[in-house]
Amino acid sequence: MEGASLLWRLWATWLLCCRMNQADVTVSPNRSQLFTGESASLSCEESDSSAGWTLRRNTTRDTRIQCESWGRPAGSSCTIKHVVQLDAGVYWCESREGATSNSITLTVTGGSVILQSPVLPVMEGDDLTLSCQSRPPSNLPAAFYKDGSLIRTESTGHMTLHHVTRSDEGLYRCSISSHGESPPSWISVTAPPTASAYIHLFFHLLMFCLYIISTILLMSSHRHGATAGPR
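Residues numbered from 1 in each chain as written. Predicted model: local features only at pLDDT ≥ 70, side-chain atom pairs only at ≥ 80, totals over all residues. Heavy atoms only, no water.

1. Regarding the state of the cysteines
Then comes step 1: This model, assessed by the stated rule, comprises three disulfides.
Then comes step 2: Put simply, Cys67 and Cys78 are joined by a disulfide, and their sulfur atoms are 1.9 Å apart. Across the disulfide from Cys67 to Cys78, rotation about the S-S bond amounts to roughly 80°, and the bridge is consequently right-handed. A residue pair is termed long-range when its members are at least 10 positions apart, and Cys67 in the loop between strand 5 (65-66) and strand 6 (72-74) and Cys78 in strand 7 (residues 77-80) qualify at 11 residues. Just as Cys67 is buried, Cys78 falls in that class too. (Disulfide = S-S within 2.5 Å. Helix = DSSP H or I, 4+ residues; strand = E, 2+ residues; numbered from the N terminus. Buried < 20%, exposed > 50% of the residue type's maximum accessible area, 1.4 Å probe, protein only.)

Structure below.
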């Protein structure tokens, strides 16, 4: 009976320690720039709902403020009904134990043009599509800039960069004649994970699991010896 109980505890510990307890923060609409007055919903896409992930943010006015102070919470999500420029900042998810997710940066403008760009880094080799959107919407040509220099003007208002590399990383903005220009947004390009990175992660995870299992075995052996007592 004791052996079966020990095996059950080992199995439960294996499941607990070898699960990646993490979350990713997402935003809807899925872009890094917002017009004032728009509604935005942020969520923690979590692998373990029991971790109690909550949304926090840093702005020019506040630091590490929870959703209750700036939005409407609903579980691990938070909705801002009407964004204002003071809502611009860095957003992330945080668990009760202090683990943190990736972070995203949101820009809020009172102007009439925004650049629709991804909120998360772009993987090397992927295509990157940028759109220049005006308020009210228009189908006018848009000029796209990177690090202050004109890339090109697109009649459709959309520009696609094919098979991006690290050299495509930079500060992007766009402009529409007679409407104005967007705020700038930094676009990051990240390298795809390598086989060595996966091996490195697996090795550390395995070492942690072996440490937990050996600790349980040691404690169980000590408890068994103390229960048996001297003969």
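2. Focus on the pattern of salt bridges
Then comes step 1: Taken as a whole and assessed by the stated rule, the structure comprises eight salt bridges.
Then comes step 2: With a shortest N-O distance of 3.1 Å, Lys146 and Asp147 are connected by a salt bridge.
Then comes step 3: What emerges from the salt-bridge pattern is a single network uniting Arg56, Arg64 and Glu94. (Salt bridge = Lys/Arg side-chain N within 4 Å of Asp/Glu carboxyl O.)

3. A look at the environment of Trp53
Then comes step 1: By secondary structure assignment, the location of Trp53 is in the loop between strand 3 (40-46) and strand 4 (54-58).
Then comes step 2: On the accessibility criterion, Trp53 (3% relative accessible area) is buried.

4. A look at the sheet that holds strand 6
Then comes step 1: Within the open sheet, the four strands sit side by side as 1-3-7-6. Their pairing is antiparallel. If you trace the sheet from one side to the other, it starts and ends with strand 1 (23-28) and strand 6, each paired once. For this sheet the average axis-to-axis angle between neighbouring strands, irrespective of direction, equals 20°.
Then comes step 2: Pairing geometry for strand 6 and strand 7, over three bridges, is antiparallel. For Arg72, the partnering residue across the bridge sits in strand 7 and is Thr79. (Pairing = 2+ DSSP bridges. Axes fitted to C-alpha atoms, helices over the stretch in contact; angles between N-to-C directions.)

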